[in-house]
Amino acid sequence: MSAFLALIRASFQREVEHRAKMLVRILGSLVEIVARVSIWQAVFSGHGSMNGITLSQMVTYALIGGTILSSWDATMIVRDVGTTIRTGAIGATLLRPVGYPLMLLAEQLGARFFDWLLISLPVIAIMGFCYGLQLPASFGHGILFVGFLFVSLAVLMLTGILLGLFSFWVFDAHSLEWFMRGALATLSGGLVPIWFFPAGLATVAHVLPFSWITYHPMAVYLGARDLASSALYLVAGGGWVMALGLAVAFVWSRACGQVVVQGG
Amino acid sequence: MRDTLSLLLYLMRLRVRTRLEFRASLVIAWAAQAFGYAGVFASIWLIITRFENIGGWTWPQMALLLGFHTLGYALGACFTLVQLRRMEEIVLGGEFDTLLVRPLNPWAYLVFSGFNIEYGGHVLLGAGLIVWALPQIPIEWDVETSILIFGALLSAALITASMLTMIGACAMILGRARYLFGIYFDFWELSRYPASIFAPAFQIALVSVMPLGYMAYVPVSVLLQRPVAYLGSAAEVAALAAGPISVLAAVVFWRFCLRRYQGGGG
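Taken together, the contact pairs 31 residues of chain B with 31 residues of chain A. Listed by contribution, the elements that provide at least two residues to the side of chain B that touches chain A are α2 (23–51) and α9 (180–190) of chain B. For the side of chain B that touches chain A, the leading source of residues is α2 of chain B, giving 17 residues. Residue composition of the side of chain B that touches chain A, grouped by class: 20 nonpolar, eight polar and three charged.

So this is what it looks like as structure tokens:
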């Protein structure tokens with residue numbers, strides 16, 4: 001456990017070292033939020049509300065969904081795994097006293113916590129001041145949202161690690177990364193909430209784990225569900241986390257058998 | 001000059017042949033990248049399906065805009081992105097010093113020897129969207145329209161190549177410059193939507209200091225006979241001229257950085 005926490009801390013500190021990069025990422029995130037909010041302002045200009053959702057709710061969705069619950073950078077895990085395999089660094093990685101998937105998780109968590117604290121929160125504060133930010137629908141919804149936040153993080157990280165581990169067989173992490181981006185772009189509800197999907201696609205998207213990354217947490221935050229139903233969705237999200245965790249453990253056990261280290 | 005050109009073409013051919021050694025991987029990469037973009041475009045389609053339009057732009061019009069944006073970018077990025085994104089490593093690792101003593105322009109060597117055919121998915125998706133959208137939009141076809149379409153795509157490719165060159169050139173002065181590509185892509189994503197939906201400051205930026213508005217929004221607006229804020233009747237000429245002007249700016253900036261380059265490797 002101490003090694004796991006040390007890796008998280010090291011990853012966090014590595015991110016802190018690059019201050020210029022941090023400022024550029026804040027600027028980039030501000031631009032992205034402007035784009036998202038502008039789209040919703042443009043489409044809502046002729047409508048008071050759509051499916052019971054107002055512009056003000058969609059602005060909040062864009063602000064939090066585009067920062068804390070954003071999915072784009074998670075595909076970097078896949079790239080990292082691919083690089084580790086391609087360069088042969090996986091050999092040295094296997095000698096470490098922490099399992100590789102756990103190490104990946106810790107490193108990504110450190111980077112993500114940095115992202116939340118030093119990029120997402122300042123951007124939410126700035127853009128919330130400019131466009132207005134709704135608070136959680138109730139205290140209970142706020143508490144449940146914190147739970148959803150960790151489920152979202154776990155689903156995102158585990159999906160990335162699972163897909164990345166397939167690089168042991170396909171050797172083309174770059175393509176896996178793009179497939180993941182495409183799936184997450186739509187099915188996580190990152191840009192467009194599942195409320196606005198056609199019925200058939202919405203039914204499928206609702207039950208897939210990707211929707212726990214952005215859509216379900218935001219639906220709870222905005223009070224689109226009552227507390228009992230929200231709690232059930234949180235339990236279902238926990239179920240997906242367990243299933244993905246087991247899948248990662250299984251694939252990793254098989255992947256270890258694929259590694260042949262030469263030289264030394 | 002002729003020898004240089006044939007050498008550059010030879011370098012390109014070598015690169016293409018190398019990549020074609022792994023054909024299945026290449027086709028999967030094309031499919032994967034097209035799928036990645038299609039996911040984002042599907043989100044835009046979903047918004048329009050529900051709300052009918054984005055800022056007055058219907059789906060066929062948006063498809064044309066996205067097609068122009070994707071195809072123009074791919075044509076420019078296949079010569080520059082992967083090659084110049086490595087400038088930081090090339091400079092810090094000392095490889096750039098070895099390029100400077102070769103009897104060939106270092107930029108030309110980098111760009112042509114790294115010609116990337118992995119943009120096939122982008123090209124197919126972009127061209128496919130344009131081919132699908134054009135018949136559904138009432139456009140009066142004449143020579144001027146054809147010149148605008150092909151000229152604007154070429155201009156978009158030149159803008160992409162120029163901007164990526166300028167960002168890559170920063171590595172000669174700053175050393176670490178890879179993170180600057182992030183800000184380019186943030187604005188690049190902004191430019192896939194009609195600029196008219198953004199605040200005036202962003203609209204002005206997209207047609208001036210960050211000329212990504214000329215990649216798709218300005219030429220497609222001209223094709224659709226939509227007014228373009230801040231450019232008015234000059235929009236058509238501006239769409240065609242933006243590429244060559246950005247090339248001139250990139251040449252000046254690259255030379256400026258090269259003059260100040262003092263070696264970054266050990």
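What follows is about the environment of Phe-197 of chain A. Mapped onto the elements of the fold, Phe-197 of chain A is located in the loop between α9 (173–187) and α10 (199–207). Placed 11 residues apart in sequence, Phe-197 of chain A and Thr-186 of chain A show a C-alpha to C-alpha distance of 9.7 Å. Among all residues touching Phe-197 of chain A, those that are not within four sequence positions of it are Ala-202 and Ala-205 of chain A together with Leu-46 of chain B.

What follows concerns the packing of helix α8 (residues 143–174) of chain B against α9 of chain B. Residues and elements named next belong to chain B. Look at α8 against α9: their axes get within 9 Å of each other, and the N-to-C directions meet at 155 degrees. Taken together, the axes of α8 and α9 lie roughly antiparallel to each other. Judged by the twist between their axes, the crossing of α8 over α9 is right-handed. Each of Met-163, Ile-167 and Cys-170 in α8 lies in contact with α9, whose residues at this interface are Leu-180, Phe-181 and Tyr-184.

With that out of the way, let us pick up the confidence of the model for chain A. With 97% of its residues at a pLDDT of 70 or more, chain A has an overall mean of 89. For chain A, helix α5 (residues 90–93) of chain A is the element with the lowest average pLDDT, namely 81, and helix α11 (residues 215–221) of chain A is the one with the highest, namely 96.

Let us now look at the confidence of the model for chain B. Counting all residues, the mean pLDDT for chain B is 93, and 99% of those residues have values of 70 or more. Across the interfaces of the predicted complex, the ipTM metric reaches 0.89, alongside a pTM of 0.92.

Conventions we followed
- Residues numbered from 1 in each chain as written.
- Chains lettered and ligands numbered in written order.
- Predicted model: local features only at pLDDT ≥ 70, side-chain atom pairs only at ≥ 80, totals over all residues.
- Contact = placed C-beta atoms within 7 Å.
- Helix = DSSP H or I, 4+ residues; strand = E, 2+ residues; numbered from the N terminus.
- Nonpolar A, V, L, I, M, F, W, Y, C, P; charged D, E, K, R; others polar.
- Axes fitted to C-alpha atoms, helices over the stretch in contact; angles between N-to-C directions.
- Parallel < 35°, antiparallel > 145°, perpendicular 65-115°, else oblique.
- Left-handed = near helix turned anticlockwise from the far one by under 90°.
- pLDDT = per-residue confidence, 0-100.

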